[in-house]
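# Understanding the architecture of this molecule
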Amino acid sequence: MSEGRPLRLLGLHGYRQSERRFRQRTGALRKALRGRAELVAVSAPHPVPGGGEDDDEDDPPRGWWFSGPGTFEAGEVAAAPAGLEESLSAVAAALAEHGPFDGLLGFSQGAALAAMVCALRARGDPRFPVAFAILVAGFASRAPAHGHFYREPIALPTLHVVGDADTVITAPLSRELAQHFVEPVVLTHPGGHFVPAAAPQKKAYLDFLDRFHPGQGQAEPLGAGAV
């Protein structure tokens, strides 16, 4: 990483979002990170069928994988999940074509996907040259076919952002995901299912990201804990 440049984060949006929708909903976060980190999002490869009232034909809602035919529920023990390999390939392509990137920032299903990428990276997969991840409202996939991602502790630095009032991905699901990582940092906020960027969260993001800036050296081991 060249001296003085902001870190670059590849953003992975939630289910039924897209690159454009995610960019619109993370304006406060991007402002909070200005000069320290740049967020570049990418759209998932799979359009979600059965659009809603606010859907745009030119920008359909998208997903990273499905737990059922054209559907997704985070808590579903999916016997035949579909689409994940294409999404992993899409992330690898984005890292190669738009990189270099320093880390990932995922939201909801995008955070679950980012956790899987972290697992592959920790095993030495060369397709995913990232050093850390910020996982907002993340969860571990319940699909047995995805169980291999969590079989051993994931040794990549992570910040897990947990909303106490989140009714979509409840706080216990996000905390469970954090437990699959080695020395995770957990940031709790009182809000719901969104990417928080108020002053307390801004400080936590910047404190975490400072570990990866030039002059900070390689990421220092940081004990597990809450901020």
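The structure displayed is predicted, hence computed values, not measured ones. (Residues numbered from 1 in each chain as written. Predicted model: local features only at pLDDT ≥ 70, side-chain atom pairs only at ≥ 80, totals over all residues. Heavy atoms only, no water.)

### Let's talk about the side chain of Arg8
Mapped onto the secondary structure, Arg8 falls in strand β1 (residues 7-12). Assessed through its relative accessible area of 16%, Arg8 is described here as buried. Of the polar contacts made by the side chain of Arg8, one reaches the side chain of Glu38; its length is 3.3 Å. Apart from residues no more than four positions distant in its own chain, Arg8 is found in contact with Glu38, Val40, His98, Gly99, Pro100, Phe101, Asp102 and Gly103. (Helix = DSSP H or I, 4+ residues; strand = E, 2+ residues; numbered from the N terminus. Buried < 20%, exposed > 50% of the residue type's maximum accessible area, 1.4 Å probe, protein only. Polar contact = N/O pair within 3.5 Å; in protein donor to acceptor, adjacent residues only side chain to side chain. Contact = heavy atoms within 4.5 Å.)

### Some remarks on helix α6 (residues 199-209)
Those residues of α6 not exposed but buried are Gln201, Ala204, Tyr205, Leu206, Phe208 and Leu209. Of the surrounding elements, those touching the buried residues of α6 are β1, α2 (27-32), β2 (37-42), β6 (132-136), β7 (158-163) and β8 (185-189).

### Observations concerning the confidence of the model for the protein
The share of residues in the protein with pLDDT of 70 or more is 89%, and the mean pLDDT across the chain is 91. Between residues 216-227, whose pLDDT stays under 50, and residues either more than four places distant or in other chains, the model counts 23 contacts. (pLDDT = per-residue confidence, 0-100.)

### Comments concerning the side chain of Ser108
With respect to the helices and strands, the residue Ser108 is situated in the loop between β5 (103-107) and α4 (109-122). With relative accessibility at 8%, the residue Ser108 sits in the buried group. Of the polar contacts made by the side chain of Ser108, one reaches the side chain of His193; its length is 3.2 Å. Ignoring sequence-local partners within four residues, the contact set of Ser108 consists of Gly14, Val136, Ala137, Gly138, Phe139, Ile169 and His193.

### Observations regarding helix α5 (residues 171-178)
Within the span of α5, buried status applies to Ala171, Leu173, Ser174, Leu177 and Ala178. The arc that holds every buried residue of α5, seen down its axis, measures 165 degrees, which confines them to one face. Close packing links the buried residues of α5 with α4, β6, β7 and β8. (Arc of directions from axis to C-beta.)

### Considerations on the environment of Lys31
As for its position among the elements, Lys31 is in helix α2. For Lys31, a relative accessible area of 58% gives the class exposed. Distance in space between the C-alpha atoms of Lys31 and Lys202 is 9.7 Å, their sequence separation being 171 residues.

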